[in-house]
Amino acid sequence: TTGGMKGETTDEDFPHSPFIRKQGNIYKPNNKAMDSDSVTEKTLQDLHTKEIDLVNRDPKHLNDHVVKVDFEDVIAEPPGTYSFDSVWKASFTTFTVTKYWCYRLLTALVGIPLALVWGIFFAILSFLHIWAVVPCVKSYLIEIHCVSRVYSICIHTFCDPFFEAVGKCFAKVHVGFTKEV
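For the protein, an unreviewed UniProt entry supplies the name Caveolin and the organism Scleropages formosus. Under the Function (unreviewed entry) heading, UniProt states for the protein: "May act as a scaffolding protein within caveolar membranes. Interacts directly with G-protein alpha subunits and can functionally regulate their activity."

Here it is in C-alpha coordinates:
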(Lines give C-alpha, C1' and ligand atoms only; values in the text may rest on other atoms or scores of the structure.)
Protein backbone atom coordinates (compact mmCIF):
# COMPACT_ATOMS: atom_id res chain seq x y z
CA THR A 1 0.00 0.00 0.00
CA THR A 2 0.98 3.58 -0.44
CA GLY A 3 0.73 6.04 2.38
CA GLY A 4 -2.51 7.53 3.56
CA MET A 5 -1.74 10.98 2.16
CA LYS A 6 -4.49 12.91 0.38
CA GLY A 7 -4.63 12.18 -3.35
CA GLU A 8 -2.95 8.78 -3.06
CA THR A 9 -4.82 5.53 -3.32
CA THR A 10 -4.37 2.45 -1.23
CA ASP A 11 -5.12 -1.20 -1.95
CA GLU A 12 -7.99 -0.97 0.53
CA ASP A 13 -9.65 1.79 -1.56
CA PHE A 14 -9.85 -0.37 -4.68
CA PRO A 15 -10.01 -4.13 -4.13
CA HIS A 16 -9.23 -4.81 -7.81
CA SER A 17 -6.22 -2.50 -7.95
CA PRO A 18 -3.94 -4.73 -10.06
CA PHE A 19 -5.45 -2.95 -13.07
CA ILE A 20 -4.23 0.48 -11.90
CA ARG A 21 -0.69 1.62 -11.26
CA LYS A 22 0.51 4.89 -9.82
CA GLN A 23 1.36 6.39 -13.25
CA GLY A 24 -1.99 5.48 -14.80
CA ASN A 25 -3.83 2.64 -16.39
CA ILE A 26 -1.43 -0.15 -17.42
CA TYR A 27 -3.48 -0.68 -20.59
CA LYS A 28 -3.09 3.01 -21.47
CA PRO A 29 0.41 3.87 -20.25
CA ASN A 30 0.28 7.40 -21.70
CA ASN A 31 -2.66 8.22 -19.44
CA LYS A 32 -0.61 9.83 -16.66
CA ALA A 33 -3.33 12.10 -15.27
CA MET A 34 -5.30 9.48 -13.34
CA ASP A 35 -6.00 10.36 -9.75
CA SER A 36 -8.27 8.88 -7.10
CA ASP A 37 -11.19 11.11 -8.16
CA SER A 38 -11.15 9.96 -11.80
CA VAL A 39 -10.85 6.27 -11.00
CA THR A 40 -14.33 4.90 -10.63
CA GLU A 41 -15.68 1.45 -10.16
CA LYS A 42 -16.64 1.49 -13.85
CA THR A 43 -12.93 1.74 -14.75
CA LEU A 44 -12.28 -1.49 -12.90
CA GLN A 45 -15.30 -3.23 -14.38
CA ASP A 46 -14.66 -6.04 -16.84
CA LEU A 47 -15.46 -5.13 -20.45
CA HIS A 48 -17.39 -8.36 -20.96
CA THR A 49 -20.01 -7.40 -18.40
CA LYS A 50 -21.02 -4.13 -20.04
CA GLU A 51 -24.72 -3.40 -20.15
CA ILE A 52 -26.57 -4.21 -23.34
CA ASP A 53 -29.52 -2.34 -24.73
CA LEU A 54 -32.59 -4.58 -24.64
CA VAL A 55 -34.73 -2.02 -26.49
CA ASN A 56 -32.52 -1.12 -29.47
CA ARG A 57 -30.93 -4.44 -30.38
CA ASP A 58 -29.43 -3.21 -33.65
CA PRO A 59 -27.72 0.07 -32.64
CA LYS A 60 -25.33 -0.05 -35.61
CA HIS A 61 -28.15 -0.80 -38.06
CA LEU A 62 -26.59 -4.01 -39.39
CA ASN A 63 -29.92 -5.47 -40.48
CA ASP A 64 -31.72 -2.43 -41.85
CA HIS A 65 -31.76 -3.95 -45.32
CA VAL A 66 -32.80 -7.44 -44.23
CA VAL A 67 -35.85 -9.29 -42.98
CA LYS A 68 -38.29 -6.49 -42.35
CA VAL A 69 -41.16 -8.72 -43.35
CA ASP A 70 -44.60 -7.82 -42.11
CA PHE A 71 -47.95 -9.28 -43.09
CA GLU A 72 -48.54 -6.47 -45.60
CA ASP A 73 -45.19 -7.23 -47.28
CA VAL A 74 -46.18 -10.84 -47.95
CA ILE A 75 -49.95 -11.04 -48.29
CA ALA A 76 -52.06 -8.38 -49.98
CA GLU A 77 -55.48 -8.47 -51.53
CA PRO A 78 -56.03 -6.20 -54.53
CA PRO A 79 -59.22 -4.14 -54.74
CA GLY A 80 -62.16 -6.23 -55.84
CA THR A 81 -60.69 -9.47 -54.44
CA TYR A 82 -61.31 -9.30 -50.72
CA SER A 83 -61.81 -12.18 -48.32
CA PHE A 84 -64.09 -11.99 -45.32
CA ASP A 85 -62.94 -9.42 -42.77
CA SER A 86 -62.77 -12.07 -40.07
CA VAL A 87 -60.55 -14.26 -42.29
CA TRP A 88 -58.29 -11.31 -43.04
CA LYS A 89 -57.95 -10.46 -39.33
CA ALA A 90 -57.36 -14.11 -38.38
CA SER A 91 -54.76 -14.47 -41.14
CA PHE A 92 -52.97 -11.34 -39.95
CA THR A 93 -52.95 -12.55 -36.34
CA THR A 94 -51.85 -16.07 -37.32
CA PHE A 95 -49.03 -14.80 -39.53
CA THR A 96 -47.75 -12.29 -36.97
CA VAL A 97 -47.93 -14.58 -33.94
CA THR A 98 -46.44 -17.56 -35.83
CA LYS A 99 -43.54 -15.48 -37.14
CA TYR A 100 -42.91 -14.01 -33.69
CA TRP A 101 -42.96 -17.31 -31.76
CA CYS A 102 -41.11 -19.34 -34.40
CA TYR A 103 -38.35 -16.76 -34.39
CA ARG A 104 -38.21 -16.85 -30.58
CA LEU A 105 -38.19 -20.65 -30.52
CA LEU A 106 -35.44 -20.86 -33.15
CA THR A 107 -33.31 -18.29 -31.32
CA ALA A 108 -33.83 -20.14 -28.05
CA LEU A 109 -32.80 -23.47 -29.59
CA VAL A 110 -30.13 -22.38 -32.06
CA GLY A 111 -29.14 -18.86 -30.98
CA ILE A 112 -26.84 -19.81 -28.09
CA PRO A 113 -25.01 -22.59 -30.00
CA LEU A 114 -24.59 -20.25 -32.97
CA ALA A 115 -23.36 -17.48 -30.66
CA LEU A 116 -20.78 -19.97 -29.39
CA VAL A 117 -19.77 -20.91 -32.95
CA TRP A 118 -19.55 -17.27 -34.07
CA GLY A 119 -17.63 -16.34 -30.92
CA ILE A 120 -15.09 -19.09 -31.63
CA PHE A 121 -14.94 -18.13 -35.31
CA PHE A 122 -14.28 -14.44 -34.62
CA ALA A 123 -11.80 -15.32 -31.87
CA ILE A 124 -9.87 -17.47 -34.37
CA LEU A 125 -10.16 -14.77 -37.02
CA SER A 126 -8.87 -12.12 -34.60
CA PHE A 127 -6.07 -14.41 -33.44
CA LEU A 128 -4.97 -15.13 -37.02
CA HIS A 129 -5.13 -11.47 -37.97
CA ILE A 130 -3.19 -10.30 -34.92
CA TRP A 131 -0.63 -13.10 -34.67
CA ALA A 132 -0.22 -14.22 -38.30
CA VAL A 133 -1.49 -11.84 -40.98
CA VAL A 134 -0.19 -8.52 -39.66
CA PRO A 135 3.27 -9.88 -38.74
CA CYS A 136 3.54 -11.58 -42.17
CA VAL A 137 2.56 -8.39 -43.97
CA LYS A 138 5.01 -6.34 -41.89
CA SER A 139 7.76 -8.89 -42.57
CA TYR A 140 6.95 -8.84 -46.27
CA LEU A 141 7.05 -5.04 -46.35
CA ILE A 142 10.43 -5.00 -44.61
CA GLU A 143 11.86 -7.64 -46.96
CA ILE A 144 10.38 -6.14 -50.11
CA HIS A 145 11.88 -2.77 -49.22
CA CYS A 146 15.38 -4.20 -49.82
CA VAL A 147 14.27 -5.74 -53.11
CA SER A 148 12.64 -2.49 -54.19
CA ARG A 149 15.88 -0.61 -53.55
CA VAL A 150 17.87 -3.02 -55.74
CA TYR A 151 15.14 -2.94 -58.42
CA SER A 152 15.11 0.86 -58.36
CA ILE A 153 18.90 1.00 -58.75
CA CYS A 154 18.75 -1.41 -61.71
CA ILE A 155 15.99 0.56 -63.42
CA HIS A 156 17.83 3.86 -62.96
CA THR A 157 21.12 2.29 -64.15
CA PHE A 158 19.91 0.50 -67.26
CA CYS A 159 16.55 1.94 -68.33
CA ASP A 160 16.98 5.63 -67.63
CA PRO A 161 19.86 6.11 -70.13
CA PHE A 162 17.94 4.20 -72.81
CA PHE A 163 14.74 6.21 -72.39
CA GLU A 164 16.73 9.43 -72.18
CA ALA A 165 18.43 8.61 -75.51
CA VAL A 166 15.10 7.73 -77.15
CA GLY A 167 13.63 10.96 -75.81
CA LYS A 168 16.47 13.00 -77.30
CA CYS A 169 16.01 11.26 -80.65
CA PHE A 170 12.37 12.24 -80.83
CA ALA A 171 12.79 15.67 -79.22
CA LYS A 172 13.33 17.37 -82.60
CA VAL A 173 10.31 15.75 -84.23
CA HIS A 174 7.50 18.21 -84.83
CA VAL A 175 4.10 17.16 -85.99
CA GLY A 176 1.94 19.66 -87.76
CA PHE A 177 -1.69 19.44 -88.79
CA THR A 178 -3.16 21.33 -91.68
CA LYS A 179 -6.77 21.35 -92.60
CA GLU A 180 -7.51 21.16 -96.29
CA VAL A 181 -10.75 22.54 -97.55
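A. Quick look at the UniProt feature "transmembrane region" (unreviewed entry) in the protein. When the UniProt feature table is mapped to this numbering, "transmembrane region" (unreviewed entry) covers residues 105-132. Secondary structure within residues 105-132 divides into 100% helix and 0% strand; the distance between the first and last C-alpha atoms comes to 39 Å.

B. Fine view of the confidence of the model for the protein. Per-residue pLDDT for the protein averages 79, and the proportion of residues at 70 or more is 72%. When the elements of the protein are averaged for pLDDT, strand β1 (residues 20-21) gives the smallest value, 46, and helix α3 (residues 85-170) the largest, 94.

C. View of unusual backbone geometry. You will see that H61, though not glycine, has its phi angle at about 55°, which is positive. Here H61 is to be found in the loop between α1 (41-44) and α2 (71-74).

D. Molecular detail of the pattern of salt bridges. Applying the stated criterion across every chain, the model contains 2 salt bridges. The partner of K168 in a salt bridge is E164, with the nearest N and O atoms 3.8 Å apart. Note that K168 and E164 are positioned in helix α3 at a spacing of 4 residues, about one turn of the helix. The partly exposed category is assigned to E164, whose relative accessible area is 48%.

E. Local environment of the packing of aromatic side chains. As enumerated under the stated definition, the model contains 8 aromatic pairs in all. Centre to centre, the rings of F162 and F163 are 5.3 Å apart; their planes meet at 65°, and the pair counts as edge-to-face. In this structure, F162 and F163 share a single accessibility class: exposed. Taken together, the aromatic side chains of F71, W88, F92 and F95 make up a single cluster linked through ring pairs. Taking the ring centre of W101 as reference, the NZ or CZ of R104 above it sits at 5.6 Å.

Cut-offs used in this document
- Residues numbered from 1 in each chain as written.
- Predicted model: local features only at pLDDT ≥ 70, side-chain atom pairs only at ≥ 80, totals over all residues.
- Heavy atoms only, no water.
- UniProt positions renumbered as here; feature names shortened; annotations may be inferred.
- Helix = DSSP H or I, 4+ residues; strand = E, 2+ residues; numbered from the N terminus.
- pLDDT = per-residue confidence, 0-100.
- Salt bridge = Lys/Arg side-chain N within 4 Å of Asp/Glu carboxyl O.
- Buried < 20%, exposed > 50% of the residue type's maximum accessible area, 1.4 Å probe, protein only.
- Phe/Tyr/Trp six-rings, centres within 6.5 Å; stacked < 30°, edge-to-face > 60°.
- Lys NZ or Arg CZ within 6 Å of the ring centre and 35° of its normal.

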